[in-house]
Amino acid sequence: MAEQRQKAVDEMFCRNCGVRIKKAAEFCPNCGTANEMPTAPPRRSPNSTDRGTTSRSSPDDTTRVRQSERSGQYQPSVSENWWYGVAGGTALWAFLLVLVSVAPNGGGAFAGFLVLLAWVGLPVAAYYDIKYVRATSDWRPSQVLWVVLLAVWILNVVVGAAYLYQRHEKVGTP
């Protein structure tokens, strides 16, 4: 399993790419995103109670931010389960290649729908999985390279398998 990255007291993680940067940095040197300093939760007056008050952030959000700051770990904004989409899209392409070579009419309209679904879904799943991987591990796969290669028909089966293998070697899952 991947190690959780640590940051120093004067550092933070970029909210876009997850690279460790200085808190005083106005822009991330890796991706150029403007980084904002974390804001404190809104103060309440001593006479207010929890019931009937509304605020912009829910208590769950504030608790999550505090836990994240205490643990020193970056909380990614995307799910860790996007690799399922990469694996499913790769398997769907492999199935479609076999179907087209075996079936006389290529599978018909339903197969055409599946091709469209796989052609769009596989690169999208890879894009979001790469965002998660870059935010939670030291592996920095190129989003442009992998997404473009996964959009190329027939080649995408081999590239999808290669991506999942590299992900397993560098991150630990799948």
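Residues numbered from 1 in each chain as written. Predicted model: local features only at pLDDT ≥ 70, side-chain atom pairs only at ≥ 80, totals over all residues. Heavy atoms only, no water.

Undergrad: Lay out the confidence of the model for the chain with the relevant residues and their values.
TA: Any residue range with low pLDDT should be treated as having predicted coordinates unsuitable for detailed reading. Scored by pLDDT, the chain comes out at a mean of 77, with 73% of its residues at no less than 70. Looking over the chain, one finds the lowest element-wise mean pLDDT in helix 1 (residues 59-71), namely 45, and the highest in helix 4 (residues 143-150), namely 94. In the predicted structure, residues 48-59 sits below a pLDDT of 50 and forms five contacts with residues beyond four places in sequence or in another chain. (pLDDT = per-residue confidence, 0-100. Helix = DSSP H or I, 4+ residues; strand = E, 2+ residues; numbered from the N terminus. Contact = heavy atoms within 4.5 Å.)

Undergrad: So what's going on with the environment of F27? Which residues, and what values?
TA: Among the structural elements, F27 can be located in the loop between strand 2 (20-22) and helix 1. Note on F27: relative accessible area 48%, which makes it partly exposed. Each C-alpha atom of the pair F27 and C14 lies 8.8 Å from the other, and the pair is 13 residues apart in sequence. (Buried < 20%, exposed > 50% of the residue type's maximum accessible area, 1.4 Å probe, protein only.)

Undergrad: Tell me about the environment of D10, and name the residues and values.
TA: Inspection of the secondary structure assignment puts D10 in the segment before strand 1 (11-13). The exposure class assigned to D10 is partly exposed, which follows from its relative accessible area of 39%. For the pair D10 and A24, spaced 14 residues apart in sequence, the C-alpha separation works out to 7.9 Å. Not counting residues up to four positions away in its chain, the partners in contact with D10 are I21, K22 and K23.

Undergrad: Hey, could you go over unusual backbone geometry for me, with residue numbers and the actual values?
TA: Unlike most non-glycine residues, I154 shows phi in positive territory, near 70 degrees. If you trace the backbone, I154 turns up in the loop between helix 4 and helix 5 (155-170).

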